[in-house]
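What follows is each chain in one-letter form.
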Amino acid sequence: MAEDNGKLERFEARINAGEKIEPKDWMPERYRQQLIRMMSQHAHSEVVGMLPEGNWITRAPSLRRKMVLLAKVQDEAGHGHYLYSATETLGVTREEMLEKLLSGKAKYSNIFNYPTLTWADIGVIGWLVDGAAIVNQTMLAKTSYGPYSRAMIRICKEENFHKKQGYEIVATMARGTPAQRKMVQDALNRWWWPTLMMFGPHDKDSPNSGDLLRWKVKLKTNDELRQRFVDITVPQAHAVGLTIPDPELRYNEETGHWEFGEIDWDEFWRVIRGNGPCNKERLAARRKAHQEGAWVRAAAEAYARKHGREPGKAA
Ligand code: 3HC
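So, a few notes on the structure that sits alongside this text. Remember, predicted model here, so these are calculated numbers, not experimental data. Throughout, residues of each chain are indexed from 1 in the direction in which the sequence is written. Local features in a predicted model are, by the rule used here, given only for residues with pLDDT of at least 70; side-chain atom pairs are given and counted only at 80 or more, and totals for whole chains, interfaces and linings are based on all residues. As a rule here, side-chain values come from all non-hydrogen atoms in the structure, and water together with hydrogens is ignored.

## With respect to the side chain of aspartate 231
(1) Moving on: Strands are runs of DSSP state E lasting at least 2 residues, helices are runs of H or I lasting at least 4, and numbering of each runs from the N terminus. Positionally, aspartate 231 belongs in helix H10 (residues 222–239).
(2) Moving on: Reaching out from aspartate 231, the side chain makes a polar contact with the side chain of glutamine 227 at a distance of 2.8 Å.
(3) Moving on: Within 3.5 Å is the distance limit for a polar contact, defined as a pair of N or O atoms, with the added protein rule that one can donate a hydrogen and the other accept it, and that residues adjacent in sequence qualify only through two side-chain atoms. Side-chain polar atoms of aspartate 231 contact the backbone nitrogen of tryptophan 258, separated by 2.8 Å.
(4) Moving on: Setting aside residues no more than four positions away along its own chain, aspartate 231 makes contact with Gly256, His257 and Trp258. Throughout, a residue-residue contact means that at least one pair of heavy atoms, one from each residue, lies within 4.5 Å.

Structure below.
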């Protein structure tokens, strides 16, 4: 319709001028739907991401490591809450989002469907997975949707602590006994390629990137962010004497980039379609936690009704 065309033009002019779009502003339905998809899946990833690391809280090798890991896992819960709240501003309820996760309909990051087999995994996750999240989320901090951008700014501050504590574990083990060095190299070998997959398929195979780049939800492409992550991380591995498990890795003096081998996209699609090593275990754990938390939600809603507040809304 001509009226909507005018609105679309004004909307795009605002975005191209660097303005933030706020919940009550006019936005194309496609923009709204893309944000609901991306932001809710981001929130799901934060909450499911608590599971692989939570698995090691009771087995941390020292009280200090336990306290740091506890703080990190609690942070991830808070990130999930920020992101669910930011997504609710687009007119979708928390219940609708959780139903999609718990029914297996919604995606969450591929990376959380792998097992954490040793303590070294906790260090490598902080270093690689949170490192990848920092590359992605510092870009998203500039996204055109106001609530998402502000949530990212807050989250990025905490991610830096997450990465530093992980890299400290990795560096400590890499300097440790031969058994510790072997353990951390084994963890790197298992997590390196799934971490590269976190950035999504190649740009040519990314059906959502067109909309997201046009409306500055994403300001960099999947491949650009993946390359940035590799360029940052390879020197960090070499600094602690670890080997990146990629025989095709080589530094290109001309471009200044680390060139790397091809990703196993069959594994990527297999995992995100629900057939990864831990998908079933992760969803079962989320469903169990949701059931066990039903009484808390009921109590909070009863309290809200008693005090004349709308259940699920802050005072
Ligand atoms: N895991 C699961 N699914 C993925 C994926 C991944 N790593 N990468 C892509 N996909 C899915 C997409 O969701 C899309 O499926 P859909 O249309 O059914 O949703 C399909 O594969 C095609 O991918 P596209 O490239 O077209 O999708 P996007 O343009 O949305 O790009 C993305 C994917 C890069 C993950 C983007 O959505 C994004 O940047 N999301 C926000 C960041 C995020 O979700 N991070 C998850 C990690 S959270 C985290 O790391 C927590 C930290 O504290 C450790």
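Having seen the structure, we can now continue with the description.
## Things to note about the nonpolar core
(1) Moving on: Nonpolar core, defined: a set of buried Ala, Val, Leu, Ile, Met, Phe, Trp, Tyr and Cys residues in which side-chain atoms within 4.5 Å join the residues together. Think of it in three bands: residues with accessible area under 20% of the maximum for their type are buried, residues over 50% are exposed, and the middle band is partly exposed, with areas taken using a 1.4 Å probe on protein chains only. If you look at the biggest cluster of nonpolar residues, it comprises 80 residues, and the most contacted ones within it are Tyr31, Tyr145, Tyr148, Trp191, Trp192, Phe229 and Leu242.
(2) Moving on: Ranked by residues supplied to this core, first place goes to helix H6 (residues 119–140) with 12 residues.
(3) Moving on: Residues in contact with tryptophan 192, not counting those within four places in the same chain, are Leu128, Phe229, Val230, Thr233, Val234, Ile244 and Pro245.

## Quick look at the site of the ligand
(1) Moving on: Surveying the vicinity of the ligand reveals 34 residues, the closest of which are Arg37, Glu76, Lys107, Ser206 and Lys218.
(2) Moving on: A distance of 3.2 Å separates an oxygen atom of the ligand from a polar atom in the side chain of glutamine 41.
(3) Moving on: Contact distances for the ligand include 2.8 Å between an oxygen atom and a side-chain N or O atom of glutamate 76.
(4) Moving on: Elements represented by at least two residues in the shell around the ligand include exactly helix H2 (29–48), H6, helix H7 (146–174), helix H9 (209–214) and helix H11 (265–275).
(5) Moving on: It is H2 that provides the largest number of residues to the shell around the ligand, a total of six residues.
(6) Moving on: Looking at the shell around the ligand, its residues break down into 16 nonpolar, 11 polar and seven charged. Whether a residue is near a molecule or strand depends on its heavy atoms: it is near if one of them lies within 4 Å of it. Note on residue classes: Ala, Val, Leu, Ile, Met, Phe, Trp, Tyr, Cys and Pro are nonpolar, Asp, Glu, Lys and Arg are charged, and everything else, Gly too, is polar.

## Things to note about the packing of H7 against helix H8 (residues 178–197)
Any two packed helices are characterised by the angle at which their axes cross and by the distance between the axes.
(1) Moving on: Orientation is described by lines fitted to C-alpha atoms, with helices fitted over the stretch in contact, and by angles between N-to-C directions that extend from 0 to 180 degrees. The N-to-C vectors of H7 and H8 enclose an angle of 135°; their axes lie 7 Å apart at closest approach. Taken together, H7 and H8 sit at an angle that is classed as oblique. Side by side, H7 and H8 meet where Val170, Met173 and Ala174 of the first sit next to Gln180, Arg181, Met183 and Val184 of the second.
(2) Moving on: A per-class count over the contact of H7 with H8 returns five nonpolar, one polar and one charged. Just so you know how the angles are binned, under 35 degrees is roughly parallel, over 145 roughly antiparallel, 65 to 115 roughly perpendicular, and the rest oblique.

## Some remarks on the packing of aromatic side chains
(1) Moving on: Each Phe, Tyr or Trp ring, with Trp reduced to its six-membered ring, pairs with another whose centre is within 6.5 Å; inter-plane angles below 30 degrees give stacked pairs, above 60 give edge-to-face pairs, and intermediate values give tilted ones. Overall, the coordinates contain 13 aromatic pairs when judged by the stated rule.
(2) Moving on: Between phenylalanine 11 and tyrosine 31, the ring centres sit 4.9 Å apart and the planes meet at 75°, which makes this aromatic pair edge-to-face. Here phenylalanine 11 is found in helix H1 (residues 2–16), whereas its partner tyrosine 31 is found in helix H2, with 20 residues between them in sequence. You'll find phenylalanine 11 and tyrosine 31 in the same group, each marked buried.
(3) Moving on: When the centroid spacing of 5.6 Å and the interplanar angle of 40° are considered together, the rings of phenylalanine 199 and phenylalanine 229 count as tilted. Of this pair, phenylalanine 199 sits in the loop between H8 and H9 while phenylalanine 229 sits in helix H10, and the two are 30 residues apart along the sequence.
(4) Moving on: The buried category is assigned to phenylalanine 199, whose relative accessible area is 6%.
(5) Moving on: Using a relative accessible area of 1% as the deciding quantity, one classes phenylalanine 229 as buried.
(6) Moving on: A connected cluster of aromatic rings, assembled from ring pairs, spans Phe11, Trp26, Tyr31, Tyr145 and Trp215.
(7) Moving on: Over the ring of tryptophan 56 we find arginine 59; its NZ or CZ atom is 3.9 Å from the centre of that ring. Criterion for a charge above a ring: Lys NZ or Arg CZ within 6 Å of the ring centre, and within 35 degrees of the ring normal.

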